[in-house]
Amino acid sequence: MKKITTLILVSLILLVATGCGASKSNSAATTTTLDRIKADGKLTYAMSGQYPPFNFYNEQNVLTGFDVEIGQEIAKRINVKPTPIATEWDGLIAGLTTSKFDMILGSMAITDERLEKVDFSTPYYRSGAQVIVPSDSKISGGVDLKGKTVGVVLGTTFETKARELGATVKTYKGDPDAFNDMANGRLDAVITDKIVGLNAIKKNNYPYKLVGDLLYTEKMGIAIRKDSPKLLEAVNNALTAMLNDGTYKKISEKYFSADIR
Amino acid sequence: MHLDFSIILKYLPYLLQGAGLTIELAVLGIAFGILIGLVAALLKISQTPLRFIAHFYIWLIRGTPLLVQLFLIYFGLPQLGITLSAFASSVLGLGINSGAYLAEVFRGGIEAIPKGQTEASSSLGMGKFLTLRRIIFPQALRIALPSLGNQFIISLKDSSLCSVITMSELLQTSQRFASVTFASMEFYTAAAVFYLMMTTVLSVALRSLEWRLSKENRTRGCY
């Protein structure tokens, strides 16, 4: 009996030891993220999957949207297979820095706080934060939100803004939940991206309206780990190329009937 | 990778606030659960057709995840015209969920008391309710206490699921700051430590209660 226990213990220790060894040799090697992506033949990019029309699951349960298609175009230009994945918004940056995927292509605004942790590509579209309220609401803009109950997605710039405005903040995993909860009468307003808001109202016939000016404008970028400058360069080149040759315009017009660059 | 736990200090007041809400949810949820559990246990051992309601309730609640139940209550019920606040939904969800498990705990305790005692009480002229209150319950509680405590601890931890229906309890507060500061390890460790402190206090309290309730057995040296 003692022998078996020892055997198990030793094999466990060996397993752990070799496991550590393997990961060490990986990080010590000079292969860049871009080399690995090319070797694997696939580019994995993450998003929340709850941000229509930028990224969402369609009726066939396929992850699609503007962000997904931009990623497909980038993958095509570096000759690998696109692999979009959906994960919780507030875990995206942590997932990227711990190498769960190669980049975040999910309508992430470029902010100083995020730049401390990750690099961003050149902006791939511009939009802004919008206050959205029920049609019969008296709220006419950001200043009226003090003390009101406002719905936002956890970990977004909208959440930060809502707290700045002195609102009682309720957080959700995605905008569809927030919009639904406003329909249920639990929210006075939702703050989200203007395009996302317009799309939700149109698609679901919500009795909502957009009020006030944009609270601020945002530039969206593709987040990439700081240890992957080669990938960043390749992504920026691909973006520039598709902005110039009309591919970007085509994708943008498909979703928004406008060029949102 | 570097860790900087000093960041927790800056956000400590908010985390404590979140922990306060966690305690509030757990206490109310468990209190509600005890009430439902007791009723369900009595119905289940009763010989009336009402026992099928209890059977159904326990089957339904134990057979579905709490997370699904919370979503149904918070996001589903408004479609039927019942719109509860996030707080009410959370207490209701935790209550009916723990109630199903507590019902079985109570039933186990009650059924562990030999039938002879009930017969003896009735031969002494005690009514059904009086027997239950004076003879059965005090002993059943003592037997059920360890399992009860178990369920209390589970419910306390389960209250973290209420974070998905917009409750700013301990987990959601930690998530919020982890997503702003990107210090996931620090904030989730802090959350884990807070939960551990709460469950430790609860365990100790339950153990001392068990000790006090078993006094008679200890002094008489028999059971």
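As for the overall build of chain A
Part 1 of the argument: On a plain count of helices and strands, chain A comes out with 10 helices and 13 strands.
Part 2 of the argument: The proportion of buried residues among the 261 residues of chain A is 42%.

Examining the interface of chain A and chain B
The accessible area lost on association of the parts is a frequent measure of interface size.
Part 1 of the argument: Opposite the 14 residues of chain A that make contact, chain B presents 12 residues.
Part 2 of the argument: Counting only elements with at least two residues in the side of chain A that touches chain B, the list comes to α4 (92-97) and β10 (168-172) of chain A.
Part 3 of the argument: No other element matches the three residues that β10(A) contributes to the side of chain A that touches chain B.
Part 4 of the argument: Per-class residue counts for the side of chain A that touches chain B are four nonpolar, five polar and five charged.

Let's talk about the domain arrangement of chain A
All names here are of chain A.
Part 1 of the argument: The domains assigned to chain A are domain 1 (33-125 + 220-256) and domain 2 (127-217).
Part 2 of the argument: When each unit is reduced to the centre of its C-alpha atoms, the spacing between domain 1 and domain 2 is 25 Å.
Part 3 of the argument: Contact residues are listed per partner, giving 15 residues for domain 1 and 14 residues for domain 2.
Part 4 of the argument: Mapped onto the side of domain 1 that touches domain 2, the elements with two or more residues apiece are β2 (50-51) and β6 (103-109).
Part 5 of the argument: Residue classes in the side of domain 1 that touches domain 2 are distributed as nine nonpolar, four polar and two charged.

Remarks on the environment of R114(A)
Residues and elements named next belong to chain A.
Part 1 of the argument: Positionally, R114 belongs in helix α5 (residues 112-117).
Part 2 of the argument: Look at R114 and you get partly exposed, because 19 C-beta atoms sit within 10 Å.
Part 3 of the argument: Sequence-wise, R114 and I93 are 21 residues apart; in three dimensions their C-alpha atoms are separated by 8.2 Å.
Part 4 of the argument: When residues no more than four places from it in sequence are discounted, the contact partners of R114 are I93 and A223.

Focus: unusual backbone geometry
Part 1 of the argument: The amide bond that connects P52(A) to the next residue, P53(A), takes the cis arrangement and shows omega of 5 degrees.
Part 2 of the argument: Assignment of secondary structure puts P53(A) in the loop between β2 and β3 (55-57).
Part 3 of the argument: Look at F182(B): it is not a glycine, yet its phi comes out positive at around 65 degrees.
Part 4 of the argument: Inspection of the secondary structure assignment puts F182(B) in the loop between α7 (170-181) and α8 (184-213).
Part 5 of the argument: In this structure F182(B) comes out as partly exposed when scored by C-beta crowding, with 19 C-beta atoms within 10 Å.

Considerations on helix α6 (residues 128-158) of chain B
Part 1 of the argument: The terminal C-alpha atoms of α6(B) lie 36 Å apart, and with 31 residues this falls more than 12% below the ideal 45 Å at 1.5 Å per residue.
Part 2 of the argument: Along α6(B), the residues that are buried comprise A140(B), A144(B), L148(B), Q151(B), F152(B), S155(B), L156(B) and D158(B).

Topic: the packing of helix α1 (residues 6-45) of chain B against α7(B)
Residues and elements named next belong to chain B.
Part 1 of the argument: Put simply, α1 and α7 touch, their axes get as near as 7 Å, and they point 155 degrees apart. Judged on the interaxial angle alone, α7 and α1 are roughly antiparallel. For the pair formed by α1 and α7, the contact residues are I7, Y11, Y14, L15, G18, A19 and T22 on the first element and L170, Q172, T173, S174, F177 and T181 on the second.

Reading the values: rules and limits
- Residues numbered from 1 in each chain as written.
- Chains lettered and ligands numbered in written order.
- Predicted model: local features only at pLDDT ≥ 70, side-chain atom pairs only at ≥ 80, totals over all residues.
- Helix = DSSP H or I, 4+ residues; strand = E, 2+ residues; numbered from the N terminus.
- Buried ≥ 20, exposed ≤ 12 C-beta atoms within 10 Å, placed from the backbone.
- Contact = placed C-beta atoms within 7 Å.
- Nonpolar A, V, L, I, M, F, W, Y, C, P; charged D, E, K, R; others polar.
- Domains from an automatic or database assignment.
- Expected span 1.5 Å × (residues − 1).
- Axes fitted to C-alpha atoms, helices over the stretch in contact; angles between N-to-C directions.
- Parallel < 35°, antiparallel > 145°, perpendicular 65-115°, else oblique.

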